[in-house]
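Chains, contacts and geometry: an overview
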Amino acid sequence: MRLRRKPYAKEMVQKHPRVVLEPERVKGFWKELFGNDRPIHVELGTGKGRFLSTVCRMHPRINWIGVERIEDVLLQACRKSDETDCDNLRFLWMDIQHLNEVFAEGEVEKILLHFSDPWPKKRHAKRRLTHHRFLNLYRKILTPSGTLQLKTDNESLFAFTLEELEHCGFRLLEFSRDFHRSPYARENVQTEYEEKFSERGLPIYYLLARPSSAY
Ligand SMILES: C[S@@+](CC[C@H](N)C(=O)[O-])C[C@H]1O[C@@H](n2cnc3c(N)ncnc32)[C@H](O)[C@@H]1O
């Protein structure tokens, strides 16, 4: 995602009411932060945030959290979220590799990976967000019935993910190599990247998986 650096973005992000500062202090207490015990769904690599700003209105009984490490991008997600007055949406400005420092075991009902960077070079495989070092981390924070959803335009990342899921003992619940023409897309909300790729006529790959034992 190419953006001109905005020197003020860091300060604006830190001041935004939906950005949870020092999220390590909320570990194990997310229900208290939201003021209810509704399920928590976390989108990893939120980008400009259109998905979350839409679903938080469509599904008010879910608590939504977006994780993004680039402040300029997160600022756009924050601004997008200003168009809604939902109290079930928060953002984390952090690297996904530290997820287990902010969520306790079994605290998250669903993890969503939407158009994650594919890192095509083999030597960069460890950076892929479905590398087993990440999957093992997700498994820890998911509830026993928790799920992981992936949407991508990248066939290689999809194939890699299927292998890694099997290796880590995740079970496939749903699967499509042409998501938009599948029954799973009925309530789909498109992300910015998804719209871009589907406008070009590219198929979208999709899966939903569950760890055989969440933790
Ligand atoms: C290709 S974009 C997709 C954005 C959005 N999900 C969509 O579908 O439009 C991937 C996003 O993930 C973020 N990202 C990648 N690796 C990350 C990490 N380790 N921690 C936090 N954010 C990350 C990037 O900064 C980028 O904004």
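Just so it is clear, the model here is predicted, and its values are computed rather than measured.

A short note on the site of the ligand
- For the ligand, the set of nearby residues contains 18 residues, the closest of which are Gly-45, Glu-68, Ile-96, His-114 and Thr-191.
- Within the backbone of Arg-69, a nitrogen or oxygen atom sits 3.3 Å from a nitrogen atom of the ligand.
- One of the backbone N or O atoms of His-114 is found 2.9 Å from a nitrogen atom in the ligand.
- Protein contact buries 95% of the 600 Å² of open area that the ligand shows by itself.

Re the UniProt feature "binding site: substrate" (unreviewed entry) in the protein
- Those places that UniProt annotates as "binding site: substrate" (unreviewed entry) correspond, in this numbering, to Lys-121, Asp-153, Thr-191, Glu-192, Tyr-193 and Glu-194. In three dimensions, the annotated residues from a span of 74 residues occupy distinct locations, with a maximal C-alpha spread of 24.9 Å.
- Overall, Thr-191 belongs to the buried group, its relative accessible area being 6%.
- Filtering out sequence-adjacent residues up to four positions away, Thr-191 remains in contact with Glu-43, Arg-50, Phe-51, His-114 and Phe-115.

Regarding the UniProt feature "binding site: S-adenosyl-L-methionine" (unreviewed entry) in the protein
- Under the feature "binding site: S-adenosyl-L-methionine" (unreviewed entry), the UniProt entry names Glu-43, Glu-68, Asp-95 and Asp-117. A maximum C-alpha distance of 13.9 Å among these annotated residues, which run over 75 residues, shows that they cluster at one spot.
- For Glu-43, the position within the fold is in strand 1 (residues 40-44).
- Judged by its relative accessible area of 1%, Glu-43 falls in the buried class.

Quick notes on the nonpolar core
- Core analysis: the biggest nonpolar cluster contains 34 residues, and Trp-30, Leu-44, Leu-92, Leu-99, Phe-103 and Tyr-138 have the highest contact counts within it.
- Within the residue set of this core, elements represented by two or more residues are helix 2 (30-34), strand 1, strand 2 (63-68), strand 4 (108-114), helix 5 (132-141), strand 5 (142-152), helix 6 (155-167) and strand 7 (205-211).
- Ranked by the residues each element gives to this core, the list is headed by helix 5, at five residues.
- Excluding residues that lie within four positions of it along the chain, Tyr-138 makes contacts with Leu-44, Ile-96, Leu-99, Ile-111, Leu-113, Leu-129 and Leu-148.
- By size, the runner-up hydrophobic cluster in this structure holds 18 residues, among which are Phe-51, Leu-52, Leu-74 and Val-189.

So, unusual backbone geometry
- In the Ramachandran plot, Phe-115 falls in the positive-phi region, its phi being about 55° despite a non-glycine side chain.
- Overall, Phe-115 belongs to the buried group, its relative accessible area being 7%.

Section: helix 5
- Of the positions making up helix 5, those classed as buried are Phe-134, Leu-135, Leu-137, Tyr-138, Arg-139 and Ile-141.
- Elements that come into contact with the buried residues of helix 5 comprise strand 1, strand 4, strand 5, helix 6, strand 6 (170-176) and strand 7.

Concerning the packing of aromatic side chains
- In this structure the tally under the stated criterion is ten aromatic pairs.
- On the basis of an interplanar angle of 35° and a centroid distance of 6.3 Å, the ring pair of Trp-30 and Phe-34 is categorised as tilted. Linking Trp-30 with Phe-34, this pair stays in helix 2, spanning four residues, or about one helical turn. When sorted by exposure, Trp-30 lands in the same class as Phe-34, which is buried.
- Relative to Phe-175, the ring of Phe-158 lies with its centre 5.6 Å away and its plane at 40°, an arrangement referred to as tilted. Of this pair, Phe-158 sits in helix 6 while Phe-175 sits in strand 6, placing them 17 residues apart in sequence.
- For Phe-158, a relative accessible area of 0% translates into the label buried.
- Look at Phe-175 and you get partly exposed, because its relative accessible area is 35%.
- Geometry around Phe-160 places Arg-128 over its ring, the cationic atom sitting 4.5 Å from the centre.

What counts and what doesn't
- Residues numbered from 1 in each chain as written.
- Predicted model: local features only at pLDDT ≥ 70, side-chain atom pairs only at ≥ 80, totals over all residues.
- Heavy atoms only, no water.
- Near = heavy atom within 4 Å.
- Polar contact = N/O pair within 3.5 Å; in protein donor to acceptor, adjacent residues only side chain to side chain.
- Areas by Shrake-Rupley, 256 points an atom, 1.4 Å probe, with all protein chains shown as cover.
- UniProt positions renumbered as here; feature names shortened; annotations may be inferred.
- Buried < 20%, exposed > 50% of the residue type's maximum accessible area, 1.4 Å probe, protein only.
- Contact = heavy atoms within 4.5 Å.
- Helix = DSSP H or I, 4+ residues; strand = E, 2+ residues; numbered from the N terminus.
- Core = buried A, V, L, I, M, F, W, Y, C linked by side-chain atoms within 4.5 Å.
- Phe/Tyr/Trp six-rings, centres within 6.5 Å; stacked < 30°, edge-to-face > 60°.
- Lys NZ or Arg CZ within 6 Å of the ring centre and 35° of its normal.

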